[in-house]
Amino acid sequence: MYNIGRSMIRKDAIEKVTGTAKYTADLITADSLHAKLVTSPFAHALVKKIDISAASRITGVQAILTGKEAHTLTGEQIKDRPILAVDRVRYNGEPVAVVIADTLAIAKRAADLIKVSYTPLPVVHSPSQAYQEDAPLVHENLGQYEKIADVYPIPGTNICNVTKIRKGNMEQGWNASAVTAETKISFPPSDHCAIETRSVSAEVLPDGHIIIYSSSQVPFTIKKLFNNIFGIDQGRMTVHTPLVGGAYGGKSAVQLEFIAYLASRAVGGQKVQLTNSREEDFITSPVHIGLDAWVKLGADKNGILQAAEMIFLFDGGAYSDKAVDMSRAAATNCTGPYHIDNVRCDSLCLYTNHPYATSFRGFSHPELTLAIERTLEVLAEKLAMDPVELRGKNAIRPGNTSPTQVVLNESKIGNTRKCIERVAELIDWDEGDRIEVSPHVIRAKGISCFWKNSNIDTNAGSGAILTFNADGTVNLNCGVIEIGTGSRSVLAQIAAERLKIDAQQVFIKMDIDTSVTPEHWKTVASRGLWMAGRAVLAACDDAVCQLKDTASQALRVPREDLDISGGYVFVKNEPKRRLAFKELAYGYVYPNGNAVGGQVIGRGYYTLTGMTFLDPETGKGVPGPDWTVGAQAVEVEWNACDFTYRILRAATVIDAGTIINPELARGQVRGGMHMGLSFASREGFVFDKNGVVLNNQFRTYKVLRYGENPHYTVDFVVTPSRETAYGLRGIGEHAVIGMPAALANSLSRAAGVPLNQLPLTPELIWRAKSGDQV
Amino acid sequence: MIGFDFEYYRPKTLAEAVNFYHMLKERGKRPVYYSGGTELITMARLNQVIFGSVIDIKGIPDTWIYGYSEQDLIIGSSISLTDLEEDRDFPLLSQTAGRVADRTSRNKITIGGNICGKIIYREAVLPFLLADSRVLIAGRNGSRIVPISNIFEQEVQLAEDEWIVQFLTDRSILSLPFFTVKKRKLDVIDYPLLTLAAIKKDEHIRVAVSGLCAFPFRSEAIETILNNRSMPKELRIKEAVDRLPAPVLNDWIASAEYRRFVFQNTLMEMFTALEGDEK
């Protein structure tokens, strides 16, 4: 093989390390106007009056929009969110007005002069509170909102989606259980913290064509939503997405695009640039979901799981956005990668007066995994069984069924057990999971498994176009966004492998233009290589077919007698009779000048097959094509005197199927571990008693810095998928998933007290140890 | 980006700086003295501080002095925390100042700015409080030298046109045994959950703390109890907690209860460091 399993340097490396890479906010043009938002200082309030008179008088202010001009309701699942708040704000940071001015400085100055009077309303502080019958309603008109079919809000409550899993027979499950364990976990919403804050520009050309630039994971969705919300013909719209500086799910929501578009329209179509400040990016744009959960597990005396029941109350925040999907995804994989015959899960998405949630790397799986894996620890303790053994015994396998009753095979489920065994080796589990290094210093280990499939549209797909340069080199055109993962470079590797040429011969631009780029549904859910890989293979096959057609005429042999290698089409039986791609890609020219064949344009597509909606009563259905599974472990050193700790090392073993680019794959996994540990140990919004976010800056919202990280070990188990290009599996998100649980398990073991909340600060441990009596 | 306009002045002498202040004040230009800028810029960005003019004192040579007079180590107020971290003449100061913010910020934060800032921690003042340092103040009537305790009570207490030019610290203090530690919520770089600094002079321990209450302080009452060797250390610590000059902070970094717990632990660490196993 040429290209598979080679750690090639990604194609965007040089521009990134030299600082020349261009992101959306870098693409400012001389004619750009600038927009600045006015946002709500209240979590829940009536908007009594917006006085724009002083702001309007500032020279250079072109227009000011408020909810009066921008009241259209948006939302992918439930249309519950006005573009700018109308009459009422529902979270701290909600956009209330936007100023469009000649310079950003003028826009900011004018925005500061807009006076908004509010009347505060009672605040819904948590999903558990939102679930109470007497809770204030965040959306009184929930029943009147337009929505898509497979989302189930309950009007008159704060519940914006319900997903039920009913598998097997609970009574039988509990009767067969000799031991049960229950756990409650909770953590607040947090943030994605991408280095690039969200940025857009919008322009309406004189002929009505709309041009959007957006740091987005979903440029094709932007087009569809504009069509759906504003009735704009999709052909009259182009969305450009250049390099994206980190996304983590946070850029799969469409928000600023609507504001920028209305802003441009208000100034006669001139280009308007709108870029979040860090503070806005933290809370105005959507955040990472919070969760309150309760789990009960039952096992027989041998530790075989018999029953699982859980209630998930997701903190969707003020608007439903993707949170409703996340609550559904959590239900579909509610057990973690364990075989359980009897499962009952109610997964609810709640409206609260918190910043609204959208996708976050792992899409509700890091969240549900904390709940399951903490409960497994309690169960292991009650069974007096080694936690690794308990997990190994129950690890899900081919022939088992998922919570949504999908029958699994090796391709769909991989090998969880092997991952558990390997991670136990890597973390030296056998040397002991709790070691007293000195009277006050304890080293302890914790383990967690994970699984995740995608929960995306049943007909999601991807397309690819392959063209040739006259020198025989190849241009690949596909719609996966370069959000930092290196996926586009790996797709070039896949194309090179199929064309049997060196990956250096395959060129791929990093920016997307929805008018000419074939659609990739969304760059989310670890489905980039999964779907686009197949599309690229199909495009390569199509191109090779065309090359061979031309070559068969030129060489006067049947097409079947031809093969390709090293940039040539050759006769299998006489390899020296061959023609280079460059002699064929624009048609073959005979010595006398005659030409046959013509420009080669390969096209390919892939659409998910066999996906179904879930049964609303039982959850039965097929939410995604396969699961990526794995096991993770963390070792901490905890000080029993002052309750501080250090994370010494973390290990991940992931069944990644075939690995196309090992270094990039390891980078994804290490990055995921880092993000998971950061989230679990220190992230999370702190709200005051009025629901105002106190830490919307990096001064006060801490992320794990490079250099403070533990040692990371990554290893792979290889169970190739039978559905993907070369047997790869999605791994973009997965290493985040088990980290919070593994850290919580290690610290709980160290401190000898259950730790079921995040972030896991020394103070939290101190409180748990003191029995909350202080 | 800062959303309001302001004028920028860069005087060359102490007198010029003060004159600018009065001139700008009279013209309604709401002047502020400006040093490293990390606080004024970041707060102005969010309209948390608004000014019409800044007087940048970094152009004044007196603020750049770093060296010894016969009796004192003199530190100009424009010296950056990074420089102090690296010039180790006053190790207690080097270590305490070297843990403020992060390196990139310390390259800009000046010793004067940290101590005169609005952010409540002002950790760099602790060594000067412990050392009974003196400060050179510039004002309308020229400059004067006063003990730091005269002008620092919770925060700098100066007339609005006055500012600190230099810190003067007796050489004999510089080499005394000391202890300094910064406790944070979790991260290596963060505001203090508390910062505690101490020195031992003639068998007497002096202690100053930041981050525990809403202002940095050195308290005679607490030092008296901590030095009462007739009591066991545990009891001294317990009583010290009862004599704090103000309510313990209760915020997003830590609850008041946890801060008290950490304070007690830290005092014990201090005793171990400065007194070893001595009773």
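Residues numbered from 1 in each chain as written. Chains lettered and ligands numbered in written order. Predicted model: local features only at pLDDT ≥ 70, side-chain atom pairs only at ≥ 80, totals over all residues. Heavy atoms only, no water.

Per an unreviewed UniProt entry, the recorded name for chain B is Xanthine dehydrogenase molybdenum-binding subunit, and the organism is Scopulibacillus daqui.

As annotated in an unreviewed UniProt entry, chain A carries the name CO/xanthine dehydrogenase Mo-binding subunit and comes from Scopulibacillus daqui.

Trainee: What's the story with the overall build of chain B in this structure? I'm lost.
Mentor: The helix and strand inventory of chain B stands at 12 helices and 14 strands. Relative to the globule expectation of 19 Å for 279 residues, the C-alpha radius of gyration of chain B, 19 Å, shows essentially globular dimensions. By its C-alpha atoms, chain B is 60 × 45 × 30 Å across when sized along the principal axes. Counting all 279 residues of chain B, 57% fall into the buried class. The long-range share in chain B, meaning contacts at least 24 apart out of those at least 6 apart in sequence, stands at 59%. Summed over its atoms, the accessible surface of chain B is roughly 11900 Å², and 50% of this surface lies on carbon and sulfur atoms. Here chain B holds 35 positive side-chain charges and 38 negative ones, and the gap between their average locations is 2 Å. (Helix = DSSP H or I, 4+ residues; strand = E, 2+ residues; numbered from the N terminus. Rg over C-alpha atoms; globule rule 2.2 N^0.38 Å. Buried < 20%, exposed > 50% of the residue type's maximum accessible area, 1.4 Å probe, protein only. Contact = heavy atoms within 4.5 Å. Areas by Shrake-Rupley, 256 points an atom, 1.4 Å probe, with all protein chains shown as cover. Lys, Arg positive; Asp, Glu negative; His and termini not counted. Charge placed at Lys NZ, Arg CZ, Asp CG, Glu CD.)

Trainee: What's the story with the layout of surface pockets in this structure? I'm lost.
Mentor: The probe, sized like a water molecule, is rolled over the atoms to show the empty space still left. All names here are of chain A. Here the second largest pocket is characterised by a volume of approximately 840 Å³. Along the walls of the second largest pocket sit 38 residues, with Pro188, Phe685, Val686, Leu758 and Pro759 positioned nearest its centre. If one sorts the elements of the lining of the second largest pocket by residue count, helix α19 (residues 762-769) sits on top with 3 residues. (1 Å grid on protein atoms, 1.4 Å probe; cavity = no way out; pocket = protein on both sides within 12 Å on 5 of 7 lines; lining within 4 Å. Points joined across faces, edges and corners; volume = space filled by probe spheres on them.)

Trainee: Help me out: how do you make sense of the pattern of salt bridges in this one?
Mentor: Pairing between side chains becomes possible if they bear opposite charge and their charged atoms approach one another. This structure, assessed with the given rule, holds 72 salt bridges over all chains. In this structure, the salt-bridge partner of Lys322(A) is Asp325(A), at a minimum N-O distance of 2.9 Å. Across the pair, exposure class does not vary: Lys322(A) and Asp325(A) are buried alike. Residue Asp132(B) pairs with Arg218(B) through a salt bridge whose shortest N-O separation is 3.0 Å. Here the residue Asp132(B) occupies a position in the loop between α7 (125-130) and β6 (134-139), and Arg218(B) occupies one in strand β14 (residues 217-218), the gap between them amounting to 86 residues. Among the residues examined, Asp132(B) registers a relative accessible area of 46% and is labelled partly exposed. What emerges from the salt-bridge pattern is a single network uniting Glu76(A), Asp150(A), Lys322(A), Asp325(A), Arg328(A) and Lys522(A). (Salt bridge = Lys/Arg side-chain N within 4 Å of Asp/Glu carboxyl O.)

Trainee: What is the right way to look at the packing of helix α14 (residues 487-499) of chain A against helix α15 (residues 528-555) of chain A in this model?
Mentor: When two helices pack together, their arrangement is given by the angle between their axes and by how far apart the axes lie. Residue and element names in this part refer to chain A. Running from N to C, α14 and α15 cross one another at 35°; their axes reach a closest spacing of 9 Å. Read as a crossing pair, α14 and α15 show a hand that is right-handed. On α15, the residues that touch Ser487, Val490, Leu491, Ile494, Ala495, Arg498 and Leu499 of α14 are Leu529, Ala532, Gly533, Val536, Leu537, Cys540, Asp541 and Val544. Residue classes in the contact of α14 with α15 are distributed as 11 nonpolar, 2 polar and 2 charged. (Axes fitted to C-alpha atoms, helices over the stretch in contact; angles between N-to-C directions. Left-handed = near helix turned anticlockwise from the far one by under 90°. Nonpolar A, V, L, I, M, F, W, Y, C, P; charged D, E, K, R; others polar.)

Trainee: Any chance you could explain the UniProt feature "domain: FAD-binding PCMH-type" (unreviewed entry) in chain B here in plain terms?
Mentor: If you check UniProt for "domain: FAD-binding PCMH-type" (unreviewed entry), the listed places come out as residues 1-199 of chain B in our numbering. The span residues 1-199 of chain B carries 29% helix and 28% strand; its end-to-end C-alpha distance comes to 42 Å. (UniProt positions renumbered as here; feature names shortened; annotations may be inferred.)

Trainee: Help me understand the domain arrangement of chain A, please; the structure alone is not making it clear to me.
Mentor: When the parts come together, some accessible area is lost, and that loss is often what is quoted as the size of the interface. Residue and element names in this part refer to chain A. Split into domains, chain A comes out as domain 1 (13-21 + 31-121 + 192-283), domain 2 (290-456 + 611-769) and domain 3 (461-607). Taken over C-alpha atoms, the centre of domain 2 sits 40 Å from the centre of domain 3. Contacts between domain 2 and domain 3 engage 20 residues on the former and 21 residues on the latter. Carbon and sulfur atoms supply 63% of the area buried between domain 2 and domain 3, which totals about 1700 Å² over both sides. Here domain 2 is connected to domain 3 by 1 salt bridge. We note a salt bridge from Asp626 to Arg527, for which the minimum N-O separation is 3.2 Å. (Domains from an automatic or database assignment. Buried area = accessible area lost by both parts, 1.4 Å probe.)

Trainee: So what exactly am I meant to see when it comes to the nonpolar core here?
Mentor: What tends to happen in soluble globular proteins is that the nonpolar side chains get buried as a cluster. Ranked by size, the top nonpolar core spans 148 residues in total, and within it Phe312(A), Leu379(A), Tyr645(A), Leu743(A), Leu196(B) and Met270(B) carry the most contacts. Here the element with the most residues in this core is helix α12 (residues 256-275) of chain B; it accounts for 9 residues. Ile4(A), Leu243(A), Val536(A) and Val569(A) belong to the second-largest nonpolar core, a separate cluster that totals 51 residues. (Core = buried A, V, L, I, M, F, W, Y, C linked by side-chain atoms within 4.5 Å.)

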